[in-house]
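Structure at a glance
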Amino acid sequence: MSADSLSVLPTPSLLVDQQLMAANIQRMNQQLEQLGAPLRPHLKTCKNIEIARAMLAGHPGGCTVSTLAEADYFFEHGIDDVLYAVGIAPGKLAAVADRIKAGMKLSIILDQEATAEAVVEAARHHDCRFQVLLEIDADGARAGFVPDEPELLNAAMKLQNGGVDVAGVMVHAGGSYACLSHEAIKAMAETERQSAVKAAEHLRSQGLDCPVISVGSTPTALRAGTLVGVTEVRAGVYVFQDLVMAGLGVCREKDIAVSVLTEVIGHRKSRGEVLIDAGWMALSRDRGTASQDRDRGYGLVRDSDGTDLGEIIVRATNQEHGIVGLADGSALNLADFPIGRRLRVLPNHACATAGQHSGYWLTNPIDAPRKLKRCHGW
Ligand SMILES: Cc1ncc(COP(=O)(O)O)c(C=O)c1O
């Protein structure tokens, strides 16, 4: 997209650089092809069917989602194999049953014996055959059965005996987002793989089929050395990448395909800071780089065409204002940032920033502005 066509877009706007996105998709595909595991992309990052189709190309066609609204949206657009990868709330089981009856091949996950009991009860009540993946905890980061504890097998047996299909196991090594080196991420990827494979072997040894072994996050998928035994990988943020991923070293800042277009609206002369019309509503409140080596505030500032401007960050935000300054606290030369100058902000967390917007403006190579809608809500 030329600077001229960018200048007609409203601000703040969410931009997607199509060439960078295509390169990110290709990189993940090459990695997984090399390791022999198919992708079940997590579509919570893009929440858009055109981008989803680009992510799904060359893979079996199943997707991962984080809301039932995403499941409905992608099903309406022809994707019927959907893993809803948030521990199922018993209050959602009637809605899950409705979708299965409507033809969606919807799988759910759980990590509590009490939830397994609720699923069995709902299966009877709704006369519905639920497909369940048992979530395994690889790293203590969030959720999952502890593989060696009896609750895992108890839950699996309750499900099977109650007419529910135990489709397999899934692991998400969220601890990878806090790893400090390539080696640590690689080791986390191996822990993720081994916990999933071992849990599945344990269940299989007890007579459960457990055909699916599902693992993944962007850092572990990109750094894994082997995926032996794994039947599918879930990754989502790789499609855009972001500053947190760059801070982890799993991408470069120049790979980040999503950004927020904004305009200079004021100067804070005494502090050498610039005000922009992108605050936390446009950037999100995510501060994911705060715990990394380089804290990027609420985002890293680039020129409107993406050109590197150095260490200029959004230091603070109000609802619709961003306060931009040099990362080291020194004063900007305000003459370089006249009122009306357009800039881009690279996000800390692509999912969070994109979630603030109703759609994307495609850049590079499209010259006529075109907006892709995102689905939203739960
Ligand atoms: C269960 C699950 N699987 C896969 C992913 C994808 O990970 P990433 O966003 O690092 O690509 C997530 C992300 O939060 C997740 O929660």
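Before any of the text, the structure's been laid out above.
Residues numbered from 1 in each chain as written. Predicted model: local features only at pLDDT ≥ 70, side-chain atom pairs only at ≥ 80, totals over all residues. Heavy atoms only, no water.

1. Description of the overall build of the protein
- When its secondary structure is counted, the protein shows 12 helices and 16 strands.
- Relative to the globule expectation of 21 Å for 378 residues, the C-alpha radius of gyration of the protein, 22 Å, shows essentially globular dimensions.
- Burial analysis of the protein (378 residues in total) assigns 55% to the buried set.
- Once local pairs closer than 6 in sequence are excluded, the contacts in the protein between residues at least 24 apart make up 66%.
- On the protein, roughly 15500 Å² of surface is accessible, and the fraction owed to carbon and sulfur atoms is 50%.
- Of note, the protein has its 37 positive side-chain charges centred 3 Å away from the centre of its 45 negative side-chain charges. (Helix = DSSP H or I, 4+ residues; strand = E, 2+ residues; numbered from the N terminus. Rg over C-alpha atoms; globule rule 2.2 N^0.38 Å. Buried < 20%, exposed > 50% of the residue type's maximum accessible area, 1.4 Å probe, protein only. Contact = heavy atoms within 4.5 Å. Areas by Shrake-Rupley, 256 points an atom, 1.4 Å probe, with all protein chains shown as cover. Lys, Arg positive; Asp, Glu negative; His and termini not counted. Charge placed at Lys NZ, Arg CZ, Asp CG, Glu CD.)

2. Things to note about the sheet that holds strand β6 (residues 165-171)
- A sheet is described by the order of its strands in space; here seven strands give the open sequence β2-β3-β4-β5-β6-β7-β8, paired in parallel fashion. Pairing within the sheet leaves two strands with one partner each, and these edge strands are β2 (63-65) and β8 (232-233).
- Contacts from helix α7 (residues 150-161) reach β4 (105-110), β5 (131-136) and β6 within the one sheet, and its direction differs from that of β5 by about 180°. (Pairing = 2+ DSSP bridges. Axes fitted to C-alpha atoms, helices over the stretch in contact; angles between N-to-C directions.)

3. Observations regarding the packing of helix α6 (residues 113-126) against α7
- It is at 9 Å that the axes of α6 and α7 come closest, and there the two elements cross at 0°. Relative to α7, the element α6 is oriented roughly parallel. Listed contacts from α7 to Glu113, Ala116, Glu117, Val119 and Val120 of α6 are Glu151, Asn154, Ala155, Lys158 and Leu159.
- Considering only residue class, the contact of α6 with α7 consists of five nonpolar, one polar and four charged. (Parallel < 35°, antiparallel > 145°, perpendicular 65-115°, else oblique. Nonpolar A, V, L, I, M, F, W, Y, C, P; charged D, E, K, R; others polar.)

4. Some words on unusual backbone geometry
- Threonine 11 connects to proline 12 through a cis peptide bond whose omega is -5°.
- If you trace the backbone, proline 12 turns up in the loop between α1 (3-7) and β1 (13-17).
- Located in the positive-phi region is lysine 47, a residue other than glycine, with phi close to 50°.
- The backbone of glutamine 241 sits at a positive phi, close to 60°, despite the residue not being glycine.
- Mapped onto the secondary structure, glutamine 241 falls in the loop between β8 and α10 (243-248).
- Of the residues examined, glutamine 241 reaches a relative accessible area of 2% and is grouped as buried.

5. Regarding helix α2 (residues 18-35)
- Here α2 spans 26 Å end to end across 18 residues, near enough to the 26 Å set by a 1.5 Å rise per residue.
- On its buried face, α2 sits against β1, α3 (49-56), α9 (218-223), β8 and β15 (359-363).
- Two or three places before glutamine 19, at the start of α2, stands the capping residue aspartate 17, its side-chain oxygen 3.0 Å from that residue's backbone nitrogen.
- Residue glycine 36 follows α2 closely and has a positive phi angle near 70°. (Expected span 1.5 Å × (residues − 1). Polar contact = N/O pair within 3.5 Å; in protein donor to acceptor, adjacent residues only side chain to side chain.)

6. Side note on the environment of phenylalanine 240
- You can see phenylalanine 240 is positioned in the loop between β8 and α10.
- Classification of phenylalanine 240 as buried rests on a relative accessible area of 0%.
- In this structure the C-alpha to C-alpha distance between phenylalanine 240 and cysteine 351, which are 111 residues apart in sequence, comes to 8.9 Å.
- Ignoring sequence-local partners within four residues, the contact set of phenylalanine 240 consists of Val16, Met21, Asn24, Thr45, Cys46, Ile51, Asp255, Ile256, Ala257, Val258, Ala350 and Tyr360.

7. Quick look at the layout of surface pockets
- Taken as a whole, the largest pocket encloses approximately 500 Å³ of empty space.
- As for the largest pocket, its lining consists of 29 residues, of which Lys44, Arg142, His172, Tyr177 and His349 are closest to the centre.
- Here the residues of the lining of the largest pocket sort into 11 nonpolar, 12 polar and six charged.
- The two domains that each donate at least three residues to the lining of the largest pocket are domain 1 (3-13 + 251-373) and domain 2 (19-239). (1 Å grid on protein atoms, 1.4 Å probe; cavity = no way out; pocket = protein on both sides within 12 Å on 5 of 7 lines; lining within 4 Å. Points joined across faces, edges and corners; volume = space filled by probe spheres on them. Domains from an automatic or database assignment.)

8. Points about the packing of aromatic side chains
- One pass over the full model with this rule turns up two aromatic pairs.
- Here the aromatic rings of tyrosine 73 and phenylalanine 74 are separated by 4.8 Å at their centres, their planes lie at 75°, and the arrangement is edge-to-face.
- In this structure tyrosine 73 comes out as buried when scored by relative accessible area, which is 14%.
- Judged by relative accessible area, which is 0%, phenylalanine 74 ranks as buried.
- It is arginine 287 that lies over the ring of tyrosine 298; its NZ or CZ is 5.5 Å from the centre. (Phe/Tyr/Trp six-rings, centres within 6.5 Å; stacked < 30°, edge-to-face > 60°. Lys NZ or Arg CZ within 6 Å of the ring centre and 35° of its normal.)

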